[in-house]
Structure formats: C-alpha cells, structure tokens
Amino acid sequence: MTKDRIALGQFEIYGLRDGFFHLDGGAMFGVVPKTLWERKYPADDKNRIRLGLNSILVKTKKSLVLVETGIGSALDQKFSEYYSVERKPGLVLSLQKLGYQADDIDFVVNTHLHFDHCGGNTHKDENGQDVPTFPKAKYVIQRGEWEYALHPNERDKQSYLEQTFLPLEKHGLLLLVYGEAEITEGVVVTPVPGHTANHQCLKVSSEGKVFFFLGDLVPTSAHIGLSYIMSYDLFPLDTLENKKKIYEQAIREDWVLGFCHDSQHFFGKVKKRDSKYAFEQLK
C-alpha cells in the first residue's frame, strides 16, 4: 500500500488528494511511444489517462504549508465533463480528516498557476463571489509566473483561469517571490523552469533529511525516465537538464520526492540502474 504520510526529521508530511482528472496520454508522455507509456498508465477509449490531483501538507514546528490546491470546486459542468473530473473526497475534506480546517493553513504554495494546480485556491461564497479558500494563508507564487498568468499567450490561455488567482491579490493574501526563497524555517521554494518559465518546486529540510516536491517537472513516477517529458512543457530541454541535475543530487543525498499527478504514489525515490534513472517506492 502506498504511503500517504512520512516523518522528515522533526516535520510531518502528508499526501492529500483533491481527486482525479483525465488527460490525453500522448500529450502527457510527449515523444515516448504509446506502446511504452501505456504499460504504466493504461489509456481509455479516448486515449486519456487517469491522473491524481495531489497536494502535500507540510507540518513544521511553526507552520502548516499546503502545496498545490488541485482543481477545485468552481469548474462549470462542461469543463468538468471534458476532463472527467472526480472530486472525492476533495482537498478541504481531506484536510478535515487529518483534523485541520482551511483556516489553519499558514502558507499555500503553487508550483505554477495552471488550473489543475491552483483551482482550489478559491471557491464561491454564498453570494457567488470567488474568494480565497484558505483565508489566513499567504499564497506563495513566483513573480514571473504571476505576471505571465495575467497575460498568457494563445497557446496557454486556457490553462490559466483568473478566478483561481486574482482574488488572492484582492484579499491581500498574495506573496510574490523572485527566485529561491525560504517561506518558513526549513521550507524553501526554488525555481525549476521547464514546464513553464517560472515553475517552482519545494524543498523541505529537517535534521539532515530532505523532501523535494517535483511539481510538473516530473508529474508522475512514470515520468522518471529522462525522455518522459510532457508535450505541455514550454521548455522541454530545460526540463531535461533540470531532471538530470535534481536526480543526481536526490540520489547523492537520499531525498524523498513528491509527485503532483501520480494516481497511486504521493512519495518515492529515484535510483540509477545501468546508467538509467528509475522510480523506487518507499518502504
């Protein structure tokens, strides 16, 4: 059974899930032939694969940090049907099962502002207005990602839904960072471009142990291989080089890795076997 929580030094880290959605398998695996990727992720009759909408909750001695907010509840029916969204139990209920309320979250980190990573940033109140779901949290976003989300090009426009991020600024909860930044003791965001120009990952350190959340750099454990790069990535060669760099450090320092879209695994490690990188499940 896959782990949904780990201890990291003095910290606790939990895997949560907003639900599942479906994307085209060919787009998710880029140049890799279907005969290879379908062994790991079987496709449906529309060539789509079922992906997790994973979030991570980091409990430090001082703060609760939530990484990613899934797809959220405000999608219209047509949108939900297109992606075959399944929101059971949903992120907020998953938090409640751990004994936490939305008001308890101190920081929310979005690796980037695509709708499947920040959709749960907001929800509609009783008046139908889009308001922050975590009203006492600071939402940590790279400044470059924020600026691009406000003016995306034609290729990316549908991936950015303004109702999922504009209310953060209106309510004074936006925390824009530029480059690497420590948001609370032991928790650092660091730019890792490739999927978008200003995509960021999260590094958590405690008592010599490290957890690294990969975001869309490596969305699932099936994407560990260097050539397994999404067609959605705007800068695939940057993705390739950053995968190599991070893998080598992760192996050398025995990091635990986190996946944002794996339908089974929240956590894992990477190992090198016969000069190739491979996923290793946590024991």
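Procedures and definitions
Residues numbered from 1 in each chain as written. Predicted model: local features only at pLDDT ≥ 70, side-chain atom pairs only at ≥ 80, totals over all residues. Heavy atoms only, no water. Pairing = 2+ DSSP bridges. Helix = DSSP H or I, 4+ residues; strand = E, 2+ residues; numbered from the N terminus. Axes fitted to C-alpha atoms, helices over the stretch in contact; angles between N-to-C directions. Contact = heavy atoms within 4.5 Å. Salt bridge = Lys/Arg side-chain N within 4 Å of Asp/Glu carboxyl O. Buried < 20%, exposed > 50% of the residue type's maximum accessible area, 1.4 Å probe, protein only. Polar contact = N/O pair within 3.5 Å; in protein donor to acceptor, adjacent residues only side chain to side chain. Expected span 1.5 Å × (residues − 1). Arc of directions from axis to C-beta.

## Quick look at the sheet that holds strand 13 (residues 209-213)
Thinking step 1. Pairing in this open sheet of seven strands is mixed, and the strands run 10-11-12-13-14-15-16 from one edge to the other. Of all the strands in the sheet, the pair left with one neighbour each is strand 10 (181-184) and strand 16 (276-280). Sheet twist, expressed as the average angle between the axes of neighbouring strands with direction ignored, equals 30°.
Thinking step 2. Strand direction decides the pairing type here: strand 15 (residues 267-273) and strand 16, joined by five bridges, are antiparallel. Looking across to strand 16, one finds that K271 is bridged to A278.
Thinking step 3. The strands touched by helix 8 (residues 236-253) are strand 12 (200-206), strand 13, strand 14 (256-258), strand 15 and strand 16; relative to strand 15, the strand with the most contacts, the crossing angle is about 95°.

## Some details on unusual backbone geometry
Thinking step 1. In the segment running from K88 into P89, the intervening peptide bond is cis, with an omega of 5°.
Thinking step 2. Turning to its location among the elements, P89 is positioned in the loop between helix 3 (77-82) and helix 4 (91-97).
Thinking step 3. Positive phi, close to 75°, is recorded for E68, a residue that is not glycine.
Thinking step 4. For E68, the position within the fold is in the loop between strand 4 (64-67) and helix 3.

## Side note on the sheet that holds strand 5 (residues 107-109)
Thinking step 1. Pairing is mixed in the open sheet, where seven strands are placed in the order 1-2-3-4-5-8-9. Of all strands in the sheet, those with a lone pairing partner are strand 1 (5-8) and strand 9 (174-177), marking the two edges. Going from strand to strand, the sheet's axes swing by 25° on average, the running direction of each strand aside.
Thinking step 2. The strands touched by helix 6 (residues 143-150) are strand 8 (138-142) and strand 9; relative to strand 8, the strand with the most contacts, the crossing angle is about 85°.

## Notes on the pattern of salt bridges
Thinking step 1. If you walk through the whole model with that rule in mind, you get 11 salt bridges.
Thinking step 2. The shortest N-O distance in the salt bridge between R48 and D44 comes to 3.1 Å.
Thinking step 3. Look at D44 and you get partly exposed, because its relative accessible area is 27%.
Thinking step 4. Across the salt bridge formed by R50 and E86, the nearest N and O atoms sit 2.7 Å from each other. One end of the pair, R50, is in strand 3 (residues 48-59); the other, E86, is in the loop between helix 3 and helix 4, with 36 residues separating them in the sequence.
Thinking step 5. Relative accessible area serves as the criterion here: at 35%, R50 is assigned to the partly exposed category.
Thinking step 6. What makes E86 partly exposed here is its relative accessible area of 30%.

## Re the side chain of N54
Thinking step 1. You can see N54 is positioned in strand 3.
Thinking step 2. A distance of 2.9 Å separates the side chain of N54 from the side chain of R17, its partner in a polar contact.
Thinking step 3. With residues near it in sequence (within four places) discarded, N54 still touches L16, R17, V67, E68, F259, C260, H261, D262, H265 and F266.

## Looking at helix 8
Thinking step 1. For helix 8, built from 18 residues, the straight-helix expectation of 26 Å at 1.5 Å per residue is met to within 8% by its first-to-last C-alpha distance of 26 Å.
Thinking step 2. Here helix 8 has its buried residues at T239, N242, K243, I246, Y247 and A250. One side of helix 8 carries all its buried residues, which in axial view fall inside an arc of 135°. What points out from helix 8, more than 90 degrees from its buried face, is the exposed set L237, K245 and R252.
Thinking step 3. Where helix 8 is buried, its residues meet strand 13, strand 14, strand 15 and strand 16.
Thinking step 4. D254 sits one or two residues past helix 8 and shows a positive phi near 60°.

## Details of the pairing of strand 12
Thinking step 1. Strand 12 sits mainly inside the fold: five of its seven residues count as buried.
Thinking step 2. In this structure, strand 11 (residues 187-191) lies alongside strand 12, joined through five bridges in antiparallel fashion. The partner of V187 across the bridge, within strand 12, is V204.
Thinking step 3. In terms of strand pairing, strand 12 meets strand 13 through five bridges, oriented antiparallel. Note that in strand 13 the partner of S205 across the bridge is V210.

## Details of the side chain of Q200
Thinking step 1. Its location among the elements puts Q200 in strand 12.
Thinking step 2. Looking at Q200, its side chain comes within polar contact range of the main-chain oxygen of N110, at 2.9 Å.
Thinking step 3. Here the side chain of Q200 touches Q142 through a polar contact of 2.9 Å, side chain to side chain.
Thinking step 4. Setting aside anything within four residues of it in sequence, one finds Q200 in contact with V109, N110, T111, V140, I141, Q142, V177, V189, T190, P191 and V192.

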